[in-house]
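The lines below spell out each chain.
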Amino acid sequence: MKALEFDHVSYRYPGEDFSIVDNLSFALEQGSFHCVIGASGCGKSTILRMICGLLRPEAGTIRVGGTPIEEQSHYCGYMPQRDLLLPWRTVGENLALPLEIRGGYTRAERRELAEAALEDVGLEGCGDKLPSELSGGMRQRAAFARTMLAGSGLLLLDEPFSALDFLTRISMQEWLLAQWEKHKKTVLFITHDVEEAVFLSGSVLAVAGTPIRKLEEFPVPAAGPRTRACLARPETVSLREELIGILREQVRP
């Protein structure tokens, strides 16, 4: 059974005369980590928004765990570019929000689960702080922990590190890989950064053009657990340059 399947899916934004996603089919294996790369505005985020139900496809079927998403709830966790932590709630209260929405938990149970999630991402003792008291990297880790508490095996991450400084960003990439190796969730990660995609992915899914009719898959020739040293290997450098070439074709005048 596939973790995620797109079966001839299309989407057209209101007022547009073409579908930004057109008859797209692809599938992800359970526990896999894939990054999607493509030029700005090509429709990458549209794919995630359809999966999590923010947009409804005009044609085709999206399945998670073999079941159409229209027949499910709480089937994925979604983390957008900004952490979107509510500034008036403590970090622990922010993490408990998915549990509140789902229902069935007491206040004490929500607090216990939030504290365990914070400890899991290295933020033990931060539950009573406000988001403004955390650094950018800490806020992203808290947002990831909240996404994990959505309770799904499928995580959708939309450029979650794009606003971070360089050193924080590479630290967060390494941290995310460690989290994935620990929990083995299925991850679909949107990025503009080819090096980030190569470092994180089991295989990279490249958008060849707009409308998106196909995601070209490029396996990454690096075993895990990975270190950044793998980015200097000739086969990895060759893949990175090939992917950069694909992106250049998309933005060429």
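Residues numbered from 1 in each chain as written. Predicted model: local features only at pLDDT ≥ 70, side-chain atom pairs only at ≥ 80, totals over all residues. Heavy atoms only, no water.

**Structural notes on the pattern of salt bridges**
- Under the defined criterion, the tally for this structure stands at 13 salt bridges.
- Residue Asp 120 is joined to Lys 182 by a salt bridge in which the shortest nitrogen-to-oxygen separation is 2.3 Å. One end of the pair, Asp 120, is in helix α4 (residues 107-120); the other, Lys 182, is in helix α6 (residues 166-183), with 62 residues separating them in the sequence.
- Since its relative accessible area comes to 54%, Lys 182 is described here as exposed.
- Of the charged contacts, one joins Arg 169 and Asp 193 as a salt bridge, the two residues approaching to 3.6 Å between their closest N and O atoms. A residue pair is termed long-range when its members are at least 10 positions apart, and Arg 169 in helix α6 and Asp 193 in the loop between β8 (186-190) and α7 (194-200) qualify at 24 residues.
- Using a relative accessible area of 17% as the deciding quantity, one classes Arg 169 as buried.
- When salt bridges that share partners are traced, they join Glu 195, Arg 228, Arg 240 and Glu 241 into one network. (Salt bridge = Lys/Arg side-chain N within 4 Å of Asp/Glu carboxyl O. Helix = DSSP H or I, 4+ residues; strand = E, 2+ residues; numbered from the N terminus. Buried < 20%, exposed > 50% of the residue type's maximum accessible area, 1.4 Å probe, protein only.)

**Quick look at the sheet that holds strand β9 (residues 203-207)**
- Spatially, β6-β7-β8-β3-β9-β10 is the arrangement adopted by the 6 strands of the open sheet, whose pairing is mixed. For this open sheet the edge positions go to β6 (77-79) and β10 (215-219), each flanked by a neighbour on one side alone. In this sheet, adjacent strand axes meet at a mean angle of 20° when their direction is disregarded.
- Bridge analysis of strand β3 (residues 33-37) against β9 gives 4 bridges, and the strand direction is parallel. Its bridge partner lying in β9, His 34 is registered against Ser 203.
- Docked against the sheet, helix α5 (residues 136-148) engages β6 and β7 (154-158), running at close to 160° with respect to β6. (Pairing = 2+ DSSP bridges. Axes fitted to C-alpha atoms, helices over the stretch in contact; angles between N-to-C directions. Contact = heavy atoms within 4.5 Å.)

**Here we look at the side chain of Glu 159**
- As for its position among the elements, Glu 159 is in the loop between β7 and α6.
- Look at Glu 159: it is buried, it has no salt bridge, and the nearest opposite charge is Lys 44 at 5.2 Å.
- When residues no more than four places from it in sequence are discounted, the contact partners of Glu 159 are Gln 81, Ile 190, Thr 191 and His 192. (Lys, Arg positive; Asp, Glu negative; His and termini not counted.)

**With respect to the layout of surface pockets**
- Quantified by volume, the largest pocket comes out at close to 410 Å³.
- In this structure, the largest pocket is lined by 18 residues; those nearest its centre are Tyr 78, Pro 98, Ile 101, Arg 146 and Ala 150.
- Listed by contribution, the elements that provide at least two residues to the lining of the largest pocket are β6, α3 (97-102) and α5.
- Of the residues forming the lining of the largest pocket, the biggest block, 4 residues, is contributed by α3.
- Along the lines of polarity and charge, the residues of the lining of the largest pocket split into 11 nonpolar, 3 polar and 4 charged.
- Lining the second largest pocket are 13 residues; nearest its centre among them are Thr 90, Gly 92, Glu 93, Ala 96 and Arg 111.
- At the level of elements, α2 (91-95) and α4 are the ones that each hand at least two residues to the lining of the second largest pocket.
- The biggest single contributor to the lining of the second largest pocket is α4, with 5 residues. (1 Å grid on protein atoms, 1.4 Å probe; cavity = no way out; pocket = protein on both sides within 12 Å on 5 of 7 lines; lining within 4 Å. Points joined across faces, edges and corners; volume = space filled by probe spheres on them. Nonpolar A, V, L, I, M, F, W, Y, C, P; charged D, E, K, R; others polar.)

**Some words on the environment of Leu 149**
- Looking at the element boundaries, Leu 149 is found in the loop between α5 and β7.
- Classification of Leu 149 by relative accessible area gives buried; the value is 14%.
- With 127 residues separating them along the chain, Leu 149 and Asp 22 place their C-alpha atoms 33 Å apart.

**Re α4**
- Between its terminal C-alpha atoms α4 stretches 20 Å, which fits the 20 Å expected from 14 residues at 1.5 Å a residue.
- If you check which residues of α4 are buried, you get Arg 110, Ala 114, Ala 117 and Leu 118. For α4, the angular spread of the buried residues around the axis is 100°, confining them to a single face. Of the residues in α4, the exposed ones pointing more than 90 degrees away from the buried face are Ala 108, Glu 112 and Glu 119.
- Of the residues trailing α4, Gly 122 is marked for its positive phi of about 80°. (Expected span 1.5 Å × (residues − 1). Arc of directions from axis to C-beta.)

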